[in-house]
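# Structure assessment
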Amino acid sequence: MRYPGGWRFKAVAFSFLMATVAINCNNTGSAGKNSGADSVAVLPPAADSAAVPPPPPPKPVITPIVIDSNKRYIFITFDDGPQPPGTGNCLNTFKSLGIKATFFMVANHADGKERRELVDAIRNSYPQYLLANHSKSHAFGDHYQYFYHNPEKAAPDFFEAQQKLDIMFKIARLPGNSAWVRQGEVKGSALVKPVCLLLDSAGYNVIGWDEEWGFKTHDGYSYPVESAERMARMINNDFEQHHTHTRNTLVWLAHDRMFGRQNFKDSLYKCLSILKKDPRYVFETIDHYPGIKPNN
Ligand SMILES: [Zn+2]
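Residues numbered from 1 in each chain as written. Predicted model: local features only at pLDDT ≥ 70, side-chain atom pairs only at ≥ 80, totals over all residues. Heavy atoms only, no water.

### A few points about the overall build of the protein
Put simply, the test is: Only DSSP runs of H or I reaching four residues or more are called helices, and only runs of E reaching two or more are called strands; each is numbered from the N terminus. Three exposure classes are used, based on accessible area relative to the maximum for each residue type with a 1.4 Å probe and protein chains only: buried under 20%, partly exposed in between, and exposed over 50%. Note on contacts: a residue pair qualifies if any of its non-hydrogen atoms lie within 4.5 Å across the two residues.
Along the protein, the regular secondary structure elements total 10 helices and 12 strands. Counting across all 296 residues of the protein, residues that qualify as buried make up 44%. Of the contacts formed within the protein by residues at least 6 apart in sequence, a portion of 77% connects residues at least 24 apart.

Structure representation (structure tokens):
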């Protein structure tokens, strides 16, 4: 009789001890590095799956917007970056206003730590900002005639930029020329048509522009020609008069380097603030432009 009784006592004492250990493990588990291993001993086998890293997030898919005719969609597209301090000023201005934008960048401009970090920051901030392709060499250093007369050399310039900048979608803008390549459309001057066809067959979209904030260059820096108020009026008129490639949408071109100085950064902020006051205006990244070809 004593023997079974003693066994029972030992069993109860052992259970109590194990429960205490389990409680201690749970109490320290949230902060302890080895909590996962401890938990495995007391939890069902499903807990093992906690050690497996989560799957990567799904790859973003190109999704053109469905146009609401009561809205006016503005696609801000700024070219030639990274060009500090303009690029950072543009990014901070868009951030402070909560406005989406696309940066068409040149791979040869992306050398050096500061510039690489700007490219990375924009690439990693999708869907708020989109990194897109403005070629590797900007038409072999602005040699437009040679570049476009040699499409078999010009097309790889975009392919190399795509790789070097690690761009997500095949969306490009031609240096110095407005042309369009989308689903069922290849539109451009006779000069640029051959490279458009090569980009089209490689699955690329090419985006032109409807309106540009012009710039001048003086003493090595660039600055906007139109005032903030005038630029906002020009955009308003383009919508009023349907002077855009696709109705109810407007692709707006400017260059990062125009906003390197504080007074011109302020001008960008002012122009965007004027536009933002009109509830019809919606700002989107260019991957949502109507008729964009899907990823491949
Ligand atoms: Zn350019």
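### Concerning the coordination of the zinc ion
In plain terms, the rule: Any nitrogen, oxygen or sulfur atom within 2.8 Å of a metal ion counts as a donor, with the limit raised to 3.2 Å for Na, K and Ca, and since water is left out, coordination shells can look unfinished.
The zinc ion binds to the protein through Asp-80 (OD), His-134 (NE2) and His-138 (NE2); the donor distances cover 2.1 Å. Sequence positions of the donors to the zinc ion reduce to the motif D-x53-H-x3-H. Here Asp-80 is found in strand E1 (residues 72–81), whereas its partner His-134 is found in the loop between strand E3 (129–133) and helix H5 (138–142), with 54 residues between them in sequence. Judged on exposure class, the residue Asp-80 and its partner His-134 are both buried.

### Concerning the packing of aromatic side chains
Condition: For Phe, Tyr and Trp, rings pair up if their centres lie within 6.5 Å, where Trp contributes its six-membered ring, and each pair is then called stacked (planes under 30 degrees apart), edge-to-face (over 60) or tilted (otherwise). The criterion for a charge sitting over a ring is simple: Lys NZ or Arg CZ within 6 Å of the ring centre, and within 35 degrees of the ring normal.
Tallying each qualifying case throughout the model produces 18 aromatic pairs. Taken together, a centroid distance of 5.7 Å and an interplanar angle of 80° make the contact between Tyr-126 and Phe-169 edge-to-face. Here Tyr-126, found in the loop between helix H4 (113–124) and E3, pairs with Phe-169, found in the loop between helix H7 (151–164) and strand E4 (171–172); they are 43 residues apart in sequence, far enough to count as distant. Note on accessibility: Tyr-126 and Phe-169 belong to one class, buried. Lying across the ring of Phe-104, Arg-173 places its NZ or CZ 4.6 Å from the centre. Residue placement shows Arg-261 over the ring face of Tyr-221; its charged tip is 3.5 Å from the ring centre.

### Observations regarding the environment of Ala-110
By secondary structure assignment, the location of Ala-110 is in the loop between strand E2 (101–105) and H4. Residues Ala-110 and Lys-136 lie 26 residues apart in sequence; the distance between their C-alpha atoms is 9.5 Å.

### Observations regarding the confidence of the model for the protein
Defined as follows: The pLDDT value tells you how sure the predictor is about a given residue, anywhere from 0 up to 100.
Of the residues in the protein, 83% reach a pLDDT of 70 or more, and the chain-wide mean stands at 87. Confidence drops under a pLDDT of 50 for residues 1–43, and excluding neighbours within four residues, the segment shows four contacts in the predicted structure.

### Focus: the side chain of His-288
As for its placement among the helices and strands, His-288 is situated in the segment after strand E12 (281–283). Once residues lying within four places of it in the same chain are set aside, the contact partners of His-288 are Thr-63, Pro-64, Ile-65, Phe-75 and Tyr-126.

### Section: unusual backbone geometry
In this structure, Pro-82 follows Gly-81 across a cis peptide bond, with omega equal to 0°. In this structure, the amide linkage connecting Tyr-126 to the following residue, Pro-127, adopts the cis form with an omega of 15°. You can see Pro-127 is positioned in the loop between H4 and E3. At His-138, a residue that is not glycine, the phi angle is positive and equals roughly 50°. Its place among the elements puts His-138 in helix H5.

### Describing the side chain of Thr-77
Rule in force here: The definition of a polar contact used here is a pair of N or O atoms within 3.5 Å, where within protein one atom must be able to donate a hydrogen and the other to accept one, and adjacent residues in sequence count solely through side-chain atom pairs.
Among the secondary structure elements, Thr-77 is positioned in strand E1. Relative accessible area serves as the criterion here: at 0%, Thr-77 is assigned to the buried category. At 3.0 Å, the side chain of Thr-77 and the side chain of Arg-173 are in polar contact. The residues touching Thr-77, leaving out its near neighbours within four places in the chain, are Thr-102, Phe-104, Arg-173, Val-251, Trp-252, Leu-253, Ala-254 and Ile-286.

### A short note on the nonpolar core
Note the cut-off: Here, nonpolar core refers to any group of buried Ala, Val, Leu, Ile, Met, Phe, Trp, Tyr and Cys residues whose side-chain atoms link them within 4.5 Å.
Ile-76, Phe-94 and Trp-252 are the most contacted members of the largest nonpolar core, which has 39 residues in total. Element by element, the count of residues in this core is highest for helix H9 (residues 228–240), at six residues. Among residues more than four places away in sequence, those in contact with Trp-252 are Ile-74, Phe-75, Ile-76, Thr-77, Glu-211, Glu-212, Trp-213, Met-231, Ile-235, Cys-271, Leu-272 and Leu-275.

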